[in-house]
Every structure is written in structure tokens, then in C-alpha cells.
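A structural walkthrough
Residue strings, one per chain:
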Amino acid sequence: MRYTARILALVALCIAFAPVSTASANTSPEYQVKTAYLYNFAKFIQWPEGTFTDTTESIVIGIVGKDPFGPSLDEAIHQRRAQGRLLRIERYSDLANIGDCHLLFVSRSEAKKQSELLTALADSNLVTIGESPNFIKEGGQIRFFVSKNQTIKIEINPDAARQAGIFISSRILKIARIYQPTNRD
Amino acid sequence: MLTSFRVSNLIHETRRLTALVCLFILGSYISGATADVNDLLDLSLEDLAQTPISLVSRKAEDPLGLPAAVSVLTAKDLHHSNSPNLADALRLVPGFHVGRIDANKWAVSARGFNGRFANKLLVLIDGRSVYTPLASGVYWEMQDILLADLDRVEVIRGPGASLWGANAVNGVVNLVSKEAIATQGGNLRIGTGSEEQVLLQGRYGGRINEQAYYRAYGHFGRRDDLKTKGDIPANDGWDSWKMGTRLDWRPAVRDHFTLIADLQQGDMAQTALLFSPEAPYSNFDQHHIQFSSISTSWRWQRQVSDRSNFDLFSYYEHLERRGPPSGELSSIWNTELQHRISLGNRHELLWGLGYRLTDIKRTSETFTASISPRTRQLSLYEGFVQDDISLVTNRLRLILGAKLEHHEFTGWEFQPNARLAWTPTQRHALWAATARAVRSSSRGENDVRLLSSVLPPVEGAPPIFVGLVGNRDFRTEIVHTFEVGYRYRHRDLLSLDVATFVNNYDDLFSLEGIPPRRFDDHILLAFTPGNLLSGRSYGVEVAGHYKLSNTWSLNTAYTFFHLNLKLSAASSDLLSLGQEKTTPNHIFTLALQGLNLLGTDLNTTLRRVSPVTVSAIDLPAYSELDLRASRLVAKQTSIALALQNVLHSSHTEYTSSIVTVPLTQVQRAFTLTLVREF
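Here the structure is a predicted model, which means the values were calculated and not measured.

Rules of the game
- Note on numbering: residues in each chain are counted from 1, in written sequence order.
- All chains are assigned letters beginning at A, and all ligands numbers beginning at 1, according to the order in which they are written.
- Where local features are concerned, this predicted model is filtered to residues with pLDDT of at least 70; where side-chain atom pairs are given and counted, the filter is 80 or more; whole-chain, interface and lining totals use all residues.
- Each helix corresponds to a stretch of at least 4 residues labelled H or I by DSSP, and each strand to a stretch of at least 2 residues labelled E; elements are numbered beginning at the N terminus.
- Whether a residue is buried, exposed or partly exposed follows from its count of other C-beta atoms within 10 Å of its own C-beta, namely 20 or more, 12 or fewer, or something in between, respectively; the C-beta atoms are built from the backbone.
- This radius of gyration counts C-alpha atoms alone. The globule rule is 2.2 Å times how many residues there are, raised to the power 0.38.
- One bridge is not enough; two strands pair if DSSP finds at least two bridges between them.
- Think of a nonpolar core as buried Ala, Val, Leu, Ile, Met, Phe, Trp, Tyr and Cys residues, each tied to the set through C-beta atoms within 7 Å.
- Across the chain, each position has a pLDDT score giving the predictor's confidence in that residue, from 0 to 100.
- Under the convention used throughout, the expected extent of a helix is 1.5 Å for every residue step, that is, one less than its residue count.
- It is the C-beta atoms, placed from the backbone, that decide contacts: two residues are in contact if theirs lie within 7 Å.
- In this description, the arc belongs to the directions extending from the helix axis to the C-beta atoms.

What follows is about the overall build of chain A. Secondary structure summary: chain A contains six helices and 10 strands in total. Here chain A, with 185 residues, has 36% of them falling under the buried criterion.

As C-alpha cells, this is what we get:
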């Protein structure tokens, strides 16, 4: 009996001190698809010359605000390359703390504050990606939306991208809805 | 989770991205939690933009903590497989033994008791059981399925009876076909070869509207005779055709309706030992067996909420086999309901009810074999409950479940199991399980009269025929299993699976002598099924997977199996102990998949199988090698050359113990296939 108790205690100890699993297995399907989009953006978007200091520099995907992807995003792009470069994820708590990145995903949690920031980032060689309904109107470049037949589509504002010095490949434009401002003011 | 195995097919299949090998709960264990995301990453932007969210796996589960010995053959594995038929493709499954008896017969099983009708393995195609309650086993030649249309083959070794019920004693094979949306457009396959003489397969998938997709398919195959010793054709060539359709309709995100209908027909040559009351009393008769079947199934899956879903499934099948030694006409109606609900954060409850009516009619008989009464209807009622309990989140998981069934011949059967998995880290898992399962008494064992040999008359005395006569009191066979397994997984790069088991069998089928019966012109020395055999089997199954590059991978498996049988003192059985040797003690396989050399995709499979003894015939160990090279020759057109059994011009794998057929050799063969998509 004592022996059994000891084994049980050992097992309990192992469980208690085992490293906490980082793999959140629960990324929703929606964000799995969006993960794949982000990867494709990294593959088919060109940044202006001089953006990368050397050929080994990673492409950094920044996520600002509440992270809807979770660690499975990191796992998915782990060891993946786009344009010969490794990919890396960085997370920023809010718009005030954005670091150096090449693609910036703006979470819905930042929707209220994003307008000001997008204006500030307009010339920054950064691809801005968001999903709030007003994201493009407020100066964002790429917006995710859910189509009628439950697929994830993208809307692009080519003018905003051009202003930031970003070249978006026709492979992406081909499948995107192109934003047409009804009234420029 | 064991339930997922069934449910992935039933309920959560809805959550699949069709273009990929997304294995949902059960499946995700094998390639890691991000398998589906990884596959999404490899999609073209066009496909990505067309991917409905509802088809993406909703919840990828902890990859490791599955407390059962499971394997999955993915669409990729099946694509790389160079076998045109299902039975041979199962050689890729760790722990499985496949022995080809002749051109149209196979013995397929896991964990022993193999034979033409291995009666302890349950096989389901899209949820429809293809285990025949007449012969208790599977007519593999009738499972004519387009491997390219399969999404995956899920396999459990060991009992699955707490969910699937009787006969899921030593394993369950669950074939899941692709959703119609995943097979859009046309696909034409034309092949020819030394054994597969004609291979014609066509499929077209189309769209009715944004919610409804269909595919229709048809195929025809003609296979040459194999040869017996001395290069004599074995007279076992066969033709078969099949056509069918699948419709998937998702009127709303939460609803999924599936309709599948199939029609098939086949004609097989056979040489088998038949008996007659007059001289020469027995002869190897050359004849044909015709089979045909119609099956239709429909399924409604509804996601009630994030925490609850149900699945209503019905099928009807009509199957006919004609030809010596006897003919049968079977109809099966089956309906089942399953409901899954999460209770709190710790419990996931799955329960279900089902009813099946099987009507088996004898359509012809011979002196060699007959079934009486002529017609019998067998009712099966079933219900099960399972609780999947997360004792420590992501660490310790307990599954408790049981199935209660009512069988026509034997009454109530209780089949419980308990499974525990401990996942101390993201890479390692230990699991243990114990279960009770039964193999149901079949119509054959109750009602058959089957002759197996004759002693010619001496000095005017009548000939004496030896055979099997059914026993209405034959009970179910019972197994108590104990399993322990270990799993290691490093992303999808490297994995190791080890499963060990001890199975204790009671009330196994034995052949008991009964007093001889005297007829006008002969004497019948009969044996009847008894339950006087018991036994213990144990074994180890090891499977390793190593991903060498994005496309190239190495899969290896080793299986050790041992069976001890013991007859009760009251038994007069002289033959059944022979089953100890009908399954090889060692099987080793090594498969290299997806090596790309100069645009040619190369696959090789090497296997070594230790000797078996079937019907007192010693079949030696053999090693064989299969090779396959495929290449894209034009846009959407590829060509594949498969070489089977390269090492020897012929070898013997297995023979039949039920109906005596000549010992047949499997030959070296090639198949050339052209695939065109449009």
C-alpha cells in the first residue's frame, strides 16, 4: 500500500510540474484560414528595397491587441519560409507599443483606436491587415471579411498599399475585392 | 479519444476541409494539432478563398492523448500505395496481416485469428458495416472502392466494441470517403497490367448550388488468374463493375446531409472442392460465383451548438451471391442515432441507439453446403454511452463507456471499456485500456451444413463425409483485453507508436464431434461448433514515422504476435489448436514514400512476413518488395508504373480454411496506369 501511495504521489508530482502545454489546440477554423492568408501575404508581397538589412532577416508578422490566433499560429509557420526568409510572430499589447514588423495584424480589440494609428502608419513600409468593418475606410490596406457562402475573403485598398511603398502581387489582387472609395474627402 | 474515431466519421466529418487530409480529433493525433493549418498553408490562394470555414477542422485535439492503438492511412498514403484494391492497401497499416489466398480472396486481420473470414475484425465503409452475419467476416472482393476517393482509413487495433458493438474484437477498420466538394471535376483512370488486366475508373464531381455538391463514379476491373504450383492457372480471375454517387448538401452551416448510393456486380472464377454422394465423391470443380449489391445510405448531422451535436444515420443494403457451394440473398436495414454533448469543462458525453434488421435467405444449395432454415431474420438492438473525462486538463484523460446489445441468437451482450491516457508533455503519452468484447454467433454457425472431406467407401460400405453442422446453442466468443501503449510525437516530423496487449479469450469456437448420422447413400461424420476453446494472445506493435522532407517520408512497422490456445477437457476438437499458427509471429514493413527524383515520384514498400500454417499447410516466410513510380507527363495527366512482388516470380501467402481451394501463388506483377483530370 505504501508503495502504491508513493507511486501515486510521484505521478501527481509529474503532472503538477510538467511544463504547461503551449499548443493551444483550439484555434477556430476561421483563424486557421486567416493564418494561411498571412502566410500567403508574406509570400507574395514585396517591401521596398532596404526594408531588410540582410538576406537572412526574418519577415515579422506583428499582432496587436487581443490575439485571436493563439500559439498555433507560431506552430503553423514554424520553419516555414517566404521569399527565402523565415517567418516570426511578435505580439504587441496595444497600438502604442508596436515594434518593427512587416505585416501588422490589427485585432478587433483595437477597432476603436485604429483610425489614428493607421493614419500615422500610412507611410511606414508596413502592411496593415485588419478585420473590423471600417478598417479600410480608416486607412488600412487589407481587410478580412466573411462572404455569403461562409468563405473568408479579402478586401484590398491598393492606394493605401502604394502609399506605404508596398507592392502586392497580382496573385493576391486576383482573389481580392478591390476597395473603391465612393467619395474621397 | 476513441469516440472520435466513430464520431469523426459521423458528426465531425462536417468540420473538414475537403481538399485536405484533415483528420479531425482522431486523425489530428497522428500529424499533430496543426495538421489542418499546415495543409491550409499549402493551398493556393484561389483554393483558400474558396474554402468554407465550416469545412475546416473546428477543434484539433491534443495529438497524443488517444488511449487506443490507432493508425490512419491518409489520402496521401493511399495515393502512394501501389495496390489497386483495398485489402492489399491495408498491408500499410501497422499491426495488420494481409494474406492473399487467390486472385479474389484475402485474409485480413489484426491480432490473430486470421482467415478468409476473419471474424474478429469489423469493417465499416462510411459507417456501413460490411461484416457479413452469414459467414462472419468480410467479402473483401466486394469492397471494390476507388482508393482515390477515400479521405482516410481509420484503424483501431484491439476492441472497439464499446462503441461499435459485437465483432469489433481485435480491430475496426473505418473507411471514410471524401466529401463531394473535394472531388470536383473529372478524373479518368485507365490501367493495364499483368494481373490487373483492365482497370477503368471514371469520376465526375459537380456543383448543384453553393450548398450542394455531388460526384458520380463508375469503375470496371478485370483481373487475371493467379497460378498454382507448376504454373497452372488457378482459375480465379474475376471481373467486377461498380457505379455510384455521393451527394453532400449543407443548407446551413450547422446542417450536413449526405446521400450515398452504390450499385455493383461481379463474376469470379473459382476452383473449389465440391462433394457428391456418388462417385467420385469429391472433385475440384471449376465454376463461377456471381455477386451483386445495391446499397444506399443517408446521414443528417447537426451542430446544435458548440457543445452539442447529433447524427442520424440510416442505410439499406441488398446483397446477392450466387454459385457453388451455396447462394445467399441478404437485406440489411440499419438506423442509428448519436448525440454528443459537453457537460461542464470536464465531461464529453456520447451516447447512441441503433437498430438493425438482417434478412438472410438461402437461394441455392449443393450437397457440399446448405443453410437451413431457408430464411431467417435477425434483429439487433443496441445502445451505448461513453464519458470522456478530462481529469487534469491536457494531462490526464479517462474514457469510460459501454455498449449493450441484444442479439437474435444469444440475447443481451454487455461490452464495457475503460481507457486512460496520460500526456505529461507535448511529446510523450502513455495510455492503458481494458475492455470486454464479444464476437457474435453467426447465422452460419447456427444453421450451416458444410462438408470438408470424404472417406471413399470400402467394401460396399457407404462413403463417409466429414463436415460441419450448425449448432443453435453456439454462444458468443468473449475476450477480455489489456493494453498499454506509448506514443512519442515531435510535430509531424517524427513519431513513434508502441502498443502492447494481452487478450484473454473464452468460449472460442471449437469443433465438437457429434454421433455420425446415417443417410441412404452416405454417412455424415459431423462436427458442430462448441465453445470449448480458450486462449491467450499477446503482442507488440511498433510503428515509426520519419518525415525526411516535405514530401518524402519513411514509415516502418514491426508486429510481434503470439497465441496460445487451450481446449477444455470435454472437447473432442482436433483442429482448432491449429489457429495458433494462422497468423505470423513477426511482420516487418518499411515504406519510403514520396521521394522525388527528376520529376518522378518514387515509392517503395518492403515487407517480411514470418511463416504460417493454414489448414495443415505450412506456408514459408517471405519477403517482398513493391515499387511505384509516377510522373506528371502533361498538365493534369500523370502516368504510374507499379511493380508488385519484385523479389520473386511467385510466392504463397495464404490459403483458405473454409472452402478448400487450390494453393495459389501470388505472382510478380506490373500495372501501368494513366490518370487524367479535367
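All right, on to the overall build of chain B then. Looking only at helices and strands, chain B has eight helices and 41 strands in total. Taken over C-alpha atoms, the radius of gyration comes to 24 Å for chain B, in line with the 26 Å a tight globule of 678 residues would show. Per-residue burial for chain B yields a buried fraction of 53% across its 678 residues.

Attention shifts here to the sheet that holds strand S5 (residues 128-129) of chain B. All names here are of chain B. Sheet architecture is open: five strands sit in the order S1-S8-S9-S4-S5, paired in mixed fashion. Edge positions in the open sheet fall to strand S1 (69-74) and S5, since each of these has one partner strand only. Here strand S8 (residues 150-157) pairs with strand S9 (residues 171-177) via seven bridges, running antiparallel. Along S9, the bridge assignment pairs Val 155 with Val 173.

Below, the discussion takes up the nonpolar core. Counting residues in each nonpolar core, the largest one holds 81 residues, and the members touching the most others are Leu 90, Val 108, Leu 122, Val 123, Ala 161 and Leu 175 of chain B. Sorting elements by how many residues they give to this core places strand S25 (residues 428-439) of chain B first, with six residues.

For the rest of this paragraph, the subject is the pairing of strand S16 (residues 255-275) of chain B. Residue and element names in this part refer to chain B. The sheet contact formed by strand S15 (residues 238-252) and S16 spans 13 bridges and is antiparallel. Following the sheet pairing, Asp 248 is matched in S16 by Thr 258. From the end of S15 to the start of S16, which pair antiparallel, there are two residues. Across 21 bridges, the pairing between S16 and strand S17 (residues 282-305) is antiparallel. Residue pairing across strands places Met 268 opposite Ile 289, the latter belonging to S17. Between the end of S16 and the start of S17, which pair antiparallel, lie six residues, with Tyr 281 showing a positive phi angle near 70°.

Residues and elements named next belong to chain B. In this sheet, S25 lies alongside strand S24 (residues 411-422) in antiparallel orientation, the contact comprising six bridges. Across the sheet, the residue bridging to Ala 421 is Trp 431, located in S25. Between the antiparallel neighbours S24 and S25 lie five residues. Relative to strand S28 (residues 477-490), S25 runs antiparallel, the two sharing 12 bridges. Opposite Ala 437, over in S28, you have Val 479 as the bridge partner.

The next thing to look at is the confidence of the model for chain B. Per-residue confidence for chain B gives a mean pLDDT of 88, with 93% of residues at or over 70. We note a pTM of 0.77 for the whole complex and an ipTM of 0.78 for its interfaces.

With that settled, the discussion passes to helix H2 (residues 29-44) of chain A. At 3.6 residues per turn, the α-helix brings residues three or four places apart onto the same side. Here H2 of chain A contains 16 residues, and its C-alpha end-to-end distance of 23 Å stays within 8% of the 22 Å for a straight helix at 1.5 Å per residue. Among the 16 residues in H2 of chain A, 13 count as buried, and that is most of the element.

The next point concerns the environment of Leu 45 of chain B. With respect to the helices and strands, Leu 45 of chain B occurs in helix H4 (residues 45-49). The buried category is assigned to Leu 45 of chain B, around which 20 C-beta atoms lie within 10 Å. Look past the residues within four positions of Leu 45 of chain B in its chain and what remains in contact with it is Asn 40, Arg 171, Ile 172 and Ile 175 of chain A.

A word on the sheet that holds strand S14 (residues 232-233) of chain B. Residue and element names in this part refer to chain B. Strand order in the open sheet formed by four strands is S14-S13-S40-S39, with antiparallel pairing between adjacent strands. Each having just a single partner strand, S14 and strand S39 (650-652) make up the two edges of the open sheet. Across three bridges, S39 lies against strand S40 (residues 664-667) in antiparallel orientation. Bridge assignment links His 651 to a residue of S40, and that residue is Val 666.

On to the environment of Thr 258 of chain B, then. If you trace the backbone, Thr 258 of chain B turns up in strand S16. On a C-alpha basis, the gap between Thr 258 of chain B and Arg 246 of chain B in space is 7.2 Å, while along the polypeptide they are 12 residues apart.

All names here are of chain B. Locating Leu 78 in the fold gives a position in helix H5 (residues 75-80). Here the alpha-carbon distance between Leu 78 and Leu 247, two residues 169 residues apart in the chain, equals 23 Å. Once residues lying within four places of it in the same chain are set aside, the contact partners of Leu 78 are Leu 73, Ala 89, Leu 147 and Leu 150.

Let's shift gears to helix H4 (residues 114-121) of chain A. All names here are of chain A. Of all the residues in H4, the buried ones are Gln 114, Leu 117, Leu 118 and Leu 121. Summarising the axial view, the buried residues of H4 lie within an arc of 100°, below the 170-degree limit, and thus occupy one face. Residues of H4 that are exposed and angled more than 90 degrees away from the buried face: Glu 116, Thr 119 and Ala 120. Residues of H4 that are buried in the fold lie against strand S5 (103-106) and strand S6 (127-130).

This part is about unusual backbone geometry. Residues and elements named next belong to chain B. The residue after Ala 279, namely Pro 280, is reached through a cis peptide bond having omega 10°. Inspection of the secondary structure assignment puts Pro 280 in the loop between S16 and S17. Following Pro 324, the chain continues to Pro 325 via a peptide bond in cis, the omega torsion being 5°. Positionally, Pro 325 belongs in the loop between strand S18 (308-322) and strand S19 (327-343). Of note in this structure, Asp 231 is not a glycine but carries a positive phi near 60°.

Overall, the prediction assigns chain A a mean pLDDT of 80, with 82% of residues at 70 or greater. Contacts for the low-pLDDT stretch residues 10-25 of chain A, under 50 throughout, to residues beyond four places or in other chains number 24 contacts.

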